[in-house]
Amino acid sequence: MPKKIRKETDTDILEVKTIAEAMLEKNGKEVCSLNLKSIGTSICDYFVICNADSGTNVLSIADNVEERMLEKCNRKVVRMQGRENAFWIILDYTNIVVHIFQTEYRRFYRLEDLWADAQITEYSEQQ
């Protein structure tokens, strides 16, 4: 039986946008979201990805994403990994997985290439 594709909702859009804005507020670079719904093997509906040049900045972005999601969407992170070294922090909101990389690690892992079939949306300060 094929996987049922969940319809995009206003809540999904608000949450992804809230995460992207929180990343930009703390100088996240190359902020984008990948819509994984149409990919049959995806583990969630969205990835939201950014990078920063230092561990301190990576931690700051992660903290801001958590704060904004709680404040604007009433969502707490379910699982988190990577705070101990701040090379790559993952925040799991079940339907959305947030990836915050130090720049060199984002270049190495290239998630956008691994999930090339996904619809990509880029975010910038002007949006």
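Structure's up top.
These lines cover the structure that appears in this document, whether it is placed above or below.

Conventions we followed
Residues numbered from 1 in each chain as written. Predicted model: local features only at pLDDT ≥ 70, side-chain atom pairs only at ≥ 80, totals over all residues. Heavy atoms only, no water. Helix = DSSP H or I, 4+ residues; strand = E, 2+ residues; numbered from the N terminus. Rg over C-alpha atoms; globule rule 2.2 N^0.38 Å. Phe/Tyr/Trp six-rings, centres within 6.5 Å; stacked < 30°, edge-to-face > 60°. Salt bridge = Lys/Arg side-chain N within 4 Å of Asp/Glu carboxyl O.

### A look at the overall build of the protein chain
Here comes step 1: In terms of helices and strands, the protein chain carries four helices and six strands.
Here comes step 2: What you see in the protein chain, going N to C, is helices and strands ordered as α-β-β-α-β-β-β-α-α-β.
Here comes step 3: In terms of overall size, the protein chain behaves like a compact globule, its C-alpha atoms giving a radius of gyration of 14 Å where 127 residues would be expected to give roughly 14 Å.
Here comes step 4: With respect to the principal axes defined by its C-alpha atoms, the protein chain has extents near 45 × 35 × 30 Å.

### Points about the packing of aromatic side chains
Here comes step 1: Under the counting rule described, the total for this entry stands at six aromatic pairs.
Here comes step 2: Pairing F47 with W115 gives two aromatic rings, centres 5.4 Å apart and planes at 85°, and the pair type is edge-to-face. Pair noted here: F47 is in strand β2 (residues 46–52) and W115 is in the loop between α4 (111–114) and β6 (119–122), with a separation of 68 residues, a long-range link.
Here comes step 3: Taken together, a centroid distance of 4.7 Å and an interplanar angle of 45° make the contact between W88 and Y109 tilted. Of this pair, W88 sits in strand β4 (residues 88–92) while Y109 is found in helix α3 (residues 103–109), placing the two residues 21 residues apart along the sequence.

### Describing the pattern of salt bridges
Any two side chains of opposite charge can pair if their charged atoms end up close together.
Here comes step 1: Under the defined criterion, the tally for this structure stands at 13 salt bridges.
Here comes step 2: The shortest N-O distance in the salt bridge between E25 and R68 comes to 2.9 Å. Taken together, the residues span a long stretch of sequence, with E25 in helix α1 (residues 10–25) and R68 in helix α2 (residues 55–73) at a distance of 43 residues.
Here comes step 3: For D92, the salt bridge goes to R79, with nearest N and O atoms at 2.9 Å. Residue D92 is found in strand β4, and its partner R79 is found in strand β3 (residues 79–81); the two are separated by 13 residues along the sequence.

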